[in-house]
2 protein chains.
Amino acid sequence: MQYFPPALENLVEQFARLPGIGTKTAQRLAFFVMNLPENEAKAFADAIVGARQSVTYCPVCQNLTEGDGPCAICASKRRDQGTICVVADPKDVIAMERAGEYTGVYHVLHGVISPMSHMGPDDIRSQELVRRVAAGGVNEVIMATNPDTEGETTAMYLSRLLAPFGVKVTRLAYGIPVGSHLEYADEATLMRALEGRREFR
Amino acid sequence: MQYFPPALENLVEQFARLPGIGTKTAQRLAFFVMNLPENEAKAFADAIVGARQSVTYCPVCQNLTEGDGPCAICASKRRDQGTICVVADPKDVIAMERAGEYTGVYHVLHGVISPMSHMGPDDIRSQELVRRVAAGGVNEVIMATNPDTEGETTAMYLSRLLAPFGVKVTRLAYGIPVGSHLEYADEATLMRALEGRREFR
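What you see is a predicted model, and the numbers here were worked out from it, not measured in a lab.

**Q** Help me understand the relation of the copies chain B and chain A in this model?
**A** Taken together, a rotation about one axis and a shift along it account for how the two chain copies relate. The transformation that overlays chain B on chain A combines an axial shift of 0.0 Å with a rotation of 179°, and the residual RMSD is 0.2 Å. The transformation relating the two chain copies, once decomposed into turn and shift, fits a two-fold axis. Of every C-alpha in chain B, the one belonging to A45(B) sits nearest the axis of rotation, 2.1 Å from it. Residue by residue, 100% of the interface of chain B is reproduced at the interface of chain A, so both copies engage with the same surface.

**Q** Any chance you could explain the pattern of salt bridges here in plain terms?
**A** Between side chains of opposite charge, a pair can form when the charged atoms approach closely. Under the defined criterion, the tally for this structure stands at 10 salt bridges over all chains. When the shortest N-O distance is used, the salt bridge between K42(A) and D46(A) registers 3.1 Å. Of this pair, K42(A) and D46(A) both sit in helix α3 (residues 38–54), four residues apart, which is roughly one turn of that helix. In this structure, E152(B) and R192(B) form a salt bridge, with 3.8 Å as the shortest nitrogen-oxygen distance. Remark: R192(B) occurs in helix α8 (residues 187–195) and E152(B) occurs in helix α7 (residues 149–162); sequence separation between them is 40 residues. Owing to a relative accessible area of 24%, E152(B) belongs among the partly exposed residues under this scheme. Residue classification places R192(B) among the partly exposed residues on the basis of a relative accessible area of 32%. Shared partners join several salt bridges into a network, and the residues in it are E152(A), R171(A) and R192(A).

**Q** Hey, could you run me through helix α6 (residues 126–134) of chain A in this one?
**A** Along an α-helix, residues three or four apart share an orientation, since each turn contains 3.6 residues. Residues and elements named next belong to chain A. If you check which residues of α6 are buried, you get S126, L129, V130, R132 and V133. Buried residues of α6, viewed axially, fall in a sector of 160°; they line one side. For α6, the elements touching its buried residues are β3 (80–87), β4 (104–108), β5 (140–143) and α7 (149–162). Of the residues trailing α6, G136 is marked for its positive phi of about 90°.

**Q** Help me understand the sheet that holds strand β4 (residues 104–108) of chain B in this model?
**A** Residues and elements named next belong to chain B. The four strands are arranged β4-β3-β5-β6 in an open sheet whose pairing can be described as parallel. Since the sheet does not close on itself, it has two edges, and those belong to β4 and β6 (168–171), each with one partner. Mean inter-strand twist for the sheet, computed between neighbouring axes without regard to direction, equals 25°. As defined by bridge partners, strand β5 (residues 140–143) adjoins β6 across four bridges and the pair is classed as parallel. Looking across to β6, one finds that M143 is bridged to R171. Across the face of the sheet, helix α6 (residues 126–134) comes into contact with β3 (80–87), β4 and β5 while running at roughly 145° to β4.

The rules we used
- Residues numbered from 1 in each chain as written.
- Chains lettered and ligands numbered in written order.
- Predicted model: local features only at pLDDT ≥ 70, side-chain atom pairs only at ≥ 80, totals over all residues.
- Heavy atoms only, no water.
- Least-squares fit on C-alpha atoms with pLDDT ≥ 70 in both.
- Contact = heavy atoms within 4.5 Å.
- Salt bridge = Lys/Arg side-chain N within 4 Å of Asp/Glu carboxyl O.
- Helix = DSSP H or I, 4+ residues; strand = E, 2+ residues; numbered from the N terminus.
- Buried < 20%, exposed > 50% of the residue type's maximum accessible area, 1.4 Å probe, protein only.
- Arc of directions from axis to C-beta.
- Pairing = 2+ DSSP bridges.
- Axes fitted to C-alpha atoms, helices over the stretch in contact; angles between N-to-C directions.

Shape is all these values report; function is a separate question.
Below you can see the structure in the form of structure tokens.
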């Protein structure tokens, strides 16, 4: 027996496909959308199609952008095109930009190497990075993947891939987060912080 | 500085408007949708507009349906049209139907009286119920709102509203849930279970 009207059932199913959304939540969301004014429901639907259609990848750094040309950062004359910061995700670009210190450009991998999730080197934008470096004009590649096993593996793999080009490959510093307490830092972080200690100047 | 492309930012905002969805979750959902194949993103968008446009309320019981006529339950000759089960929500109809015992029809209030949420008697489908009962042919109205303050208040209010018509108004039984343990039952439930005790037959 069909309990909800088919169109509503269909919407519930669509919501339930989203990551982290179960059936109960999907029902709640579908009810909410169904009770929206018609123009707002239309705006939501348009936003989905619009994002899917107009959002593209920057041909240079692979970050999300709109249109065919390079993204705003890659096109900017004020950014150092010779320094590439390699991140796993567009959200990481935002995090770096929020810090406001970095003046180079980025390379977004869209994932990390992870055998557990069946992500191999060819599932991330690694060849695009190699081509950028091979094209010349790059002084330094900064690996800024997350400091976990998968991020480390990815950074290690890419640094070996870039070795033949003689480019300088660096890694973000590990250490105690600013504003935190030493007593709450885990051993691995403390060890890395000790290893990476610097002289007062 | 704009970090995400505007179309993606727009989609994130649309998701963030949904109940219980924060910015981080909205970003995750937007990324997921953006990476769907184009036809699937289109199907999602169509589901939203479709649900909004084609889902209507049954003119008899106010439950969700499609098209102009009465819903499948109200149109069924196998259901007892003289017994109306009053519920707060379409989901409650599903719960009742799942039990499979009930052969009457429903009346969906779409809410309960709740001064805290600014829901008065006219914000729920109470007049529609009165008109149904006034039209005659109704033997019994079963109040099946939730056993909480608001559900109780609503049931009480409606039973007074229906009193002039001399129709039998009943309430679902309170008691220990089947399969649970007595020691975990709260005092109010235990008291109600004791009050509602029945003779072995």
